[in-house]
Amino acid sequence: MDKYIIDGGAKLYGIVEMQSAKNTVLPLLAASVLTDEQVKIRGIPTIVDVENMFRILSELGCQIKRRKDCAIIDSSNAVSHEIPPRLTRELRSSVFMLGSVLTRFGRARLSYPGGCDIGLRPIDLHLSGLRRLGVEIIEEGGYIECKVNHLIGADIMLDFPSVGATENIILAAVKAQGLTVIRNAAKEPEIIDLQNFLNAMGAKVRGAGGGTIVIEGVKRLRGVDYLPIGDRIEAGTYLIAAATCGGEIETKGVRAENIAALLHKLRENGCKIHTKNDRIILKSDGRLQSVPLVETMPFPGFPTDLQAQYGALCATAKGTTLIVENLFETRYKYAAELKRMGADVTIRDRTAVIRGVEKLHGAKVVAGDLRGGAALVIAALRAEGQSEVIDLSHVDRGYADFEYKLKKLGAKVRRVRI
Ligand code: UD1
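Residues numbered from 1 in each chain as written. Predicted model: local features only at pLDDT ≥ 70, side-chain atom pairs only at ≥ 80, totals over all residues. Heavy atoms only, no water.

Draft legend 1. Representation of the overall build of the protein chain within the structure. Looking only at helices and strands, the protein chain features 13 helices and 23 strands. Computed over C-alpha atoms, the radius of gyration of the protein chain comes to 21 Å, within 12% of the 22 Å expected from 2.2 N^0.38 for 418 residues, which places it in the range of a compact globule. Seen through its principal axes, the protein chain has C-alpha atoms that stretch 65 × 45 × 40 Å. In the protein chain, which comprises 418 residues, the share counted as buried stands at 58%. By sequence separation, contacts in the protein chain at least 24 residues apart represent 72% of the contacts at least 6 residues apart. In the form shown here, the protein chain has an accessible surface area of approximately 16400 Å², with 49% of it arising from carbon and sulfur atoms. Taking the average location of the 58 positive side-chain charges in the protein chain and that of its 49 negative ones, the two points are 3 Å from each other. (Helix = DSSP H or I, 4+ residues; strand = E, 2+ residues; numbered from the N terminus. Rg over C-alpha atoms; globule rule 2.2 N^0.38 Å. Buried < 20%, exposed > 50% of the residue type's maximum accessible area, 1.4 Å probe, protein only. Contact = heavy atoms within 4.5 Å. Areas by Shrake-Rupley, 256 points an atom, 1.4 Å probe, with all protein chains shown as cover. Lys, Arg positive; Asp, Glu negative; His and termini not counted. Charge placed at Lys NZ, Arg CZ, Asp CG, Glu CD.)

Structure (structure tokens):
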């Protein structure tokens, strides 16, 4: 197990370049089995979730060549429709494989998926969408068995705009017979990227980014060479870190409109922000004013994946912030750890009340999930004295070169094996 030792107090300055978005790369890798031709994806981040997805593809029989940050996936010899249970447990996005494996083999077998322990995370919307496309699904003994002779297009209404369910249904519908319409679809930028990727392969998907997505099934898909969008959650994490610690940083690779909800709050907090194309420049004096309320929402609302990091910011802002987490019910595990550093946080159900204190102090804290781990790193960077952030296994699932990039910005952080 690894930990970070962080000496807090440094302001952050410099330019930081974003990796391709984890939440795009994962569904794109799932989509790579939709063609017999080679799929090249660029800008692959070196994170554990992506490595696990590669292992799943290998076990299905795909050949993967890696060169620098490019991956070439050749699934012409893929034979298996079974996603190995030990990998499913580690990676919730393995559930996206259902749609594409069904398209490829007419069958799929998956054990119930894992991922961050941040709530119940059911997959009922994925399964009911697939059923609408004609898939027969049996859930038994912790496994999901899916079978279909011909996927047939359908009109699907999602009860909630789930990102994963929207993506899974798109992946099952691209080669289905006829037209599929997804209503109340998720609008996240990663869905637009999946649409662009699939259309570059010859699919006919339109409407992503809006609430209704229309997919016209095609007979075959070809290979593709693709650079996914930059990671807006990664960019948001560095921007929050600089806002909290003070300094001036520029993120490269993410367009402002993809994290507009965060930038709006950071401006209200008192940060100066300039944006141009895929660059965001933030200046902060490190003594922020709190905003009264932040509620997580599906895109374009405030992202749940930045709630914890923003919570760390609120811990030293002047005044009280109410955070309401509407997406995942147990996403406040970081709060108890923040308290060890002197934060004043009260949690009641889905609401956190954070009263800003002038100073945090260094402490030993444990990272319980991916974004909560990033939040603790931000708090440790702001705190007086030395902190230890223990167990980096979650942080490694989503942040490539985290300590390297932070060090480049002037943070005093080192990684140590325990
Ligand atoms: C994706 C992101 C994750 C992000 C989340 C919300 C990936 C790989 N992960 O996760 O980082 O935090 O979007 O922006 O892209 N739900 C159901 N039934 C379902 C599916 C979802 O009730 O079948 C509920 C969930 O419990 C949750 C909400 O819908 O409350 C949002 O989940 P969803 O949008 O599906 O998130 P993920 O796709 O898992």
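Draft legend 2. Molecular detail of the environment of Glu234. Inspection of the secondary structure puts Glu234 in helix H8 (residues 232–245). The exposure class assigned to Glu234 is buried, which follows from its relative accessible area of 0%. Of the polar contacts made by the side chain of Glu234, one reaches the backbone nitrogen of Gln19; its length is 2.8 Å. (Polar contact = N/O pair within 3.5 Å; in protein donor to acceptor, adjacent residues only side chain to side chain.)

Draft legend 3. Region of interest: the sheet that holds strand E14 (residues 247–252). The strand order across the open sheet formed by four strands is E2-E14-E16-E15, and the pairing between neighbours is mixed. Lying at the two open borders of the sheet, with one neighbouring strand each, are strand E2 (12–17) and strand E15 (272–276). Strand-to-strand twist of the sheet, defined as the mean angle between neighbouring strand axes without regard to direction, takes the value 10°. By the bridge criterion, six bridges tie E14 to strand E16 (residues 279–284) in an arrangement that is antiparallel. The partner of Glu248 across the bridge, within E16, is Lys283. H8 rests against E2, E14 and E16 of the sheet, and its axis sits at about 175° to E14. Set on the sheet, helix H9 (residues 260–269) makes contact with E15 and E16; between it and E15 the angle comes to about 150°. (Pairing = 2+ DSSP bridges. Axes fitted to C-alpha atoms, helices over the stretch in contact; angles between N-to-C directions.)

Draft legend 4. Spotlight on the packing of aromatic side chains. Enumeration over the complete set of coordinates arrives at six aromatic pairs. Centre to centre, the rings of Phe197 and Tyr226 are 5.3 Å apart; their planes meet at 85°, and the pair counts as edge-to-face. Placement of the pair is Phe197 in helix H7 (residues 189–200) and Tyr226 in strand E13 (residues 224–226), with a sequence separation of 29 residues. Looking at Phe197, the relative accessible area reads 0%, which means it is buried. Residue Tyr226 is classed as buried on the basis of its relative accessible area, which comes to 12%. An aromatic cluster is defined as three or more aromatic residues linked by ring pairs; in this entry it consists of Tyr4, Tyr238, Tyr399 and Phe402. Positioned above the aromatic ring of Tyr143 is the side chain of Arg109, whose terminal nitrogen or guanidinium carbon lies 4.0 Å from the ring centre. (Phe/Tyr/Trp six-rings, centres within 6.5 Å; stacked < 30°, edge-to-face > 60°. Lys NZ or Arg CZ within 6 Å of the ring centre and 35° of its normal.)

Draft legend 5. Expanded view of the site of the ligand. Taken together, 19 residues lie around the ligand, and Asp124, Leu125, Ser162, Asp305 and Leu327 are the ones closest in. Within the backbone of Leu125, a nitrogen or oxygen atom sits 2.7 Å from an oxygen atom of the ligand. Gly164 has a polar backbone atom sitting 2.8 Å from an oxygen atom of the ligand. Relative to its free-state accessible area of 740 Å², the ligand is covered by the protein chains to the extent of 87%. Secondary structure elements with two or more residues in the shell around the ligand: helix H5 (124–132) and helix H6 (163–173). Counting residues per element, the shell around the ligand draws most heavily on H5, at three residues. Looking at the shell around the ligand residue by residue, the classes come out as eight nonpolar, six polar and five charged. (Near = heavy atom within 4 Å. Nonpolar A, V, L, I, M, F, W, Y, C, P; charged D, E, K, R; others polar.)

Draft legend 6. Layout of the sheet that holds strand E10 (residues 179–183). The four strands lie next to each other as E9-E10-E12-E11, forming an open sheet whose pairing is mixed. The sheet is open, and its two borders are formed by strand E9 (155–157) and strand E11 (204–206), each paired with just one other strand. Taking each pair of neighbouring strands and ignoring which way they run, the sheet shows an average axis angle of 10°. Note: E11 against strand E12 (residues 213–216), three bridges, orientation antiparallel. Bridging from a neighbouring strand, Lys204 pairs with Glu216 of E12. Packed on one face of the sheet, H7 meets E11 and E12 and runs near 155° to E11.

Draft legend 7. Expanded view of the side chain of Arg232. Checked against the element boundaries, Arg232 lands in helix H8. Taking relative accessible area as the criterion, Arg232 reaches 8% and is therefore assigned buried. When residues no more than four places from it in sequence are discounted, the contact partners of Arg232 are Glu188, Pro189, Glu190, Val254, Asn258, Ile259, Phe299 and Pro303.

Draft legend 8. Helix H11 (residues 333–340), seen in detail. By the burial criterion, the buried members of H11 are Tyr334, Ala335, Glu337 and Leu338. Looking straight down H11, one finds that the buried residues subtend no more than 165° of arc, so they occupy a single side. At the exit of H11 stands Gly342, carrying a positive phi of roughly 100°. (Arc of directions from axis to C-beta.)

Draft legend 9. How the structure looks around the pattern of salt bridges. Considering all chains together, one arrives at 27 salt bridges under this definition. For the salt bridge of Glu37 with Arg220, the shortest nitrogen-to-oxygen distance reads 2.4 Å. Here the residue Glu37 occupies a position in the loop between helix H1 (22–31) and strand E3 (39–41), and Arg220 occupies one in the loop between E12 and E13, the gap between them amounting to 183 residues. The exposure class assigned to Glu37 is partly exposed, which follows from its relative accessible area of 32%. (Salt bridge = Lys/Arg side-chain N within 4 Å of Asp/Glu carboxyl O.)

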